[in-house]
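Topology and contacts: notes
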Amino acid sequence: MKQFVGVDIGGTDIKFGIFTETGNILEKWQVPTDIGSQGENLWSQITTEICVHTDNGRSVSGIGVGVPGPVQKDGFVEVCVNLGIRNFNPREILGRVFPDKTIAVGNDANVAALGEMWQGSGQGYENLVVITLGTGVGGGVIMDGKIVYGAKGLSGEIGHMMVNPDETELCTCGGRGCLDQMASATGIVRYTKKLLAQKYAPTVLDEKEALTAKKVFDAARAGDKLAAHSVEHCLSFLGKSLAFVSYVIDPEIFIIGGGVSHAGDYLIKIVQEYYDQYSLLKKEKARIVLATLGNDAGIYGAARMAQKEKKGKNEKV
């Protein structure tokens, strides 16, 4: 039985999954991310974990890796801002340890999109966009059933679209007013703290306590005026951005995942409202739904990417 390993590299943890060709998950696990020695420890971790869990790779046909940064078609990555590492090629690095395996590499959000299309909310669709709302805002684009990379791997980086010209603080990318700064968990907390400092309205939120996006959403759902205003303000930028994306890509469906998506239908309702308001050229709007694979979308997509790449190579032969 052919098996495929999916690896999803995150700033906190590296997630792993072993899958059959049909998408059944045989095993999954995760380890804390170690980016010491300028990233060398990271690759040592990944190769060791794969070897330990797959009898040194003997049972594996392909390995797919999702990376939190733009990935070029040859697998080269110029920078992972959140990991602080630059100029590396996972395909070459892993190929040295597993020379007879198919190695596939993609941006983590693109890979999550592939996972959702394969076994999640995107089943039955071939043109879709997945948005991941976590510490930042990521985006993955699938057109005609294939990941869209772009010339330099920047396709889907909607988190760094400039959406708020009034923003004065710098984004991690060096810009100002990025969607990342508005609609991410970090952005929601940041804006809520501004409202608390302004004493915008009476609230159950306490600026002295550690504030999280979950606390803000919970308060908003309970009718807290300050929290509700913060959530709507931040998500309005996401809804508008998806409308703008529609004019370029025209997907059938938008799928929202990541930690912030745990806010569920409350979040979807606000985003859909602003999307509909700014998407005016067609009567039948794209659907906006929640991801169903949760934090596993990345490992599903990475395994599927390796499977598709192996199949492509075989077809060429």
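Whatever comes next refers back to the structure up there.
Rules used in this analysis
Residues numbered from 1 in each chain as written. Predicted model: local features only at pLDDT ≥ 70, side-chain atom pairs only at ≥ 80, totals over all residues. Heavy atoms only, no water. Core = buried A, V, L, I, M, F, W, Y, C linked by side-chain atoms within 4.5 Å. Buried < 20%, exposed > 50% of the residue type's maximum accessible area, 1.4 Å probe, protein only. Helix = DSSP H or I, 4+ residues; strand = E, 2+ residues; numbered from the N terminus. Contact = heavy atoms within 4.5 Å. Pairing = 2+ DSSP bridges. Axes fitted to C-alpha atoms, helices over the stretch in contact; angles between N-to-C directions. Parallel < 35°, antiparallel > 145°, perpendicular 65-115°, else oblique. Left-handed = near helix turned anticlockwise from the far one by under 90°. Nonpolar A, V, L, I, M, F, W, Y, C, P; charged D, E, K, R; others polar. Arc of directions from axis to C-beta. Polar contact = N/O pair within 3.5 Å; in protein donor to acceptor, adjacent residues only side chain to side chain. Patch = residues over 30% accessible without salt bridge, like charges linked within 9 Å, V, L, I, M, F, W, Y side chains within 5 Å. Areas by Shrake-Rupley, 256 points an atom, 1.4 Å probe, with all protein chains shown as cover. Salt bridge = Lys/Arg side-chain N within 4 Å of Asp/Glu carboxyl O. Expected span 1.5 Å × (residues − 1).

1. Some points on the nonpolar core
- Judged by nonpolar contacts, the single largest core of 44 residues is most densely connected at Ile131, Leu238, Leu242, Phe254, Ile256 and Leu267.
- Of all the secondary structure elements, the ones that give two or more residues to this core are strand E8 (128-133), strand E9 (137-143), helix H4 (179-183), helix H5 (185-198), helix H6 (213-221), helix H7 (225-249), strand E11 (253-257) and helix H8 (265-278).
- A total of 10 residues in this core trace back to one element, the largest contributor, which is H7.
- Sequence-distant contacts of Leu267, that is, excluding residues within four places in its chain, are made with Leu133, Phe217, Leu235, Ile256, Val260 and Ser261.
- Counting residues in each nonpolar core, the second largest holds 27 residues, with Ile18, Val31, Ile103 and Val105 among its members.

2. Section: the sheet that holds E11
- Strand order in this open sheet of five strands is E10-E9-E8-E11-E12, and the pairing throughout is mixed. Bordering the open sheet on either side are strand E10 (146-147) and strand E12 (287-290), each of which pairs with just one other strand.
- In the packing of helix H3 (residues 108-119) onto the sheet, the strands contacted are E8, E9, E10 and E11, and the crossing angle to E9 comes to about 55°.
- Sitting on the sheet, H7 touches E8, E9, E11 and E12, and the angle it makes with E8 is about 155°.

3. A few points about the packing of H5 against H7
- It is at 9 Å that the axes of H5 and H7 come closest, and there the two elements cross at 135°. It follows from the interaxial angle that H5 and H7 lie oblique. Judged by the twist between their axes, the crossing of H5 over H7 is right-handed. Packed against H5, whose contacting residues are Gly187, Ile188, Tyr191, Thr192, Leu195 and Leu196, the element H7 presents Leu226, His229, Ser230, His233 and Cys234 at the interface.
- Its residues placed into classes, the contact of H5 with H7 shows six nonpolar, five polar and no charged.

4. Overview of helix H2 (residues 90-97)
- Turning to H2, its buried residues number three or more, namely Pro90, Ile93 and Leu94. Looking down the long axis of H2, one finds its buried residues gathered within 85° of arc, a one-sided arrangement.
- Buried-residue contacts for H2 involve helix H1 (40-53), strand E4 (60-67), strand E5 (77-80), strand E6 (85-88) and strand E7 (102-107).
- Its side-chain oxygen at 2.9 Å from the backbone nitrogen of Arg91, Asn89 defines the N-terminal cap of H2.

5. Some words on a nonpolar patch on the surface
- Among the surface-exposed residues, Phe244, Tyr247, Val248, Leu280 and Leu281 lie close enough to one another that they form a single nonpolar patch of about 600 Å² accessible area.
- With respect to the helices and strands, the residue Phe244 is situated in helix H7.

6. Examining the pairing of E6
- Across three bridges, the pairing between E5 and E6 is antiparallel. When the sheet's bridge partners are listed, Val77 is paired in E6 with Phe88.
- In sequence, E5 turns back onto E6 through a hairpin of four residues, with Gly84 there showing a positive phi of about 75°.

7. Examining H7
- If you check H7, its first and last C-alpha atoms are 36 Å apart, about what 25 residues at 1.5 Å a residue would give, namely 36 Å.
- Near the N-terminus of H7, the side chain that reaches the backbone nitrogen of Leu226, with its oxygen 3.2 Å away, is that of Asp224.
- Residue Asp250 follows H7 closely and has a positive phi angle near 55°.

8. Topic: the side chain of Asn164
- Checked against the element boundaries, Asn164 lands in the loop between E10 and H4.
- Sequence-distant contacts of Asn164, defined by excluding residues within four places in its chain, comprise Gly177, Met182 and Phe237.

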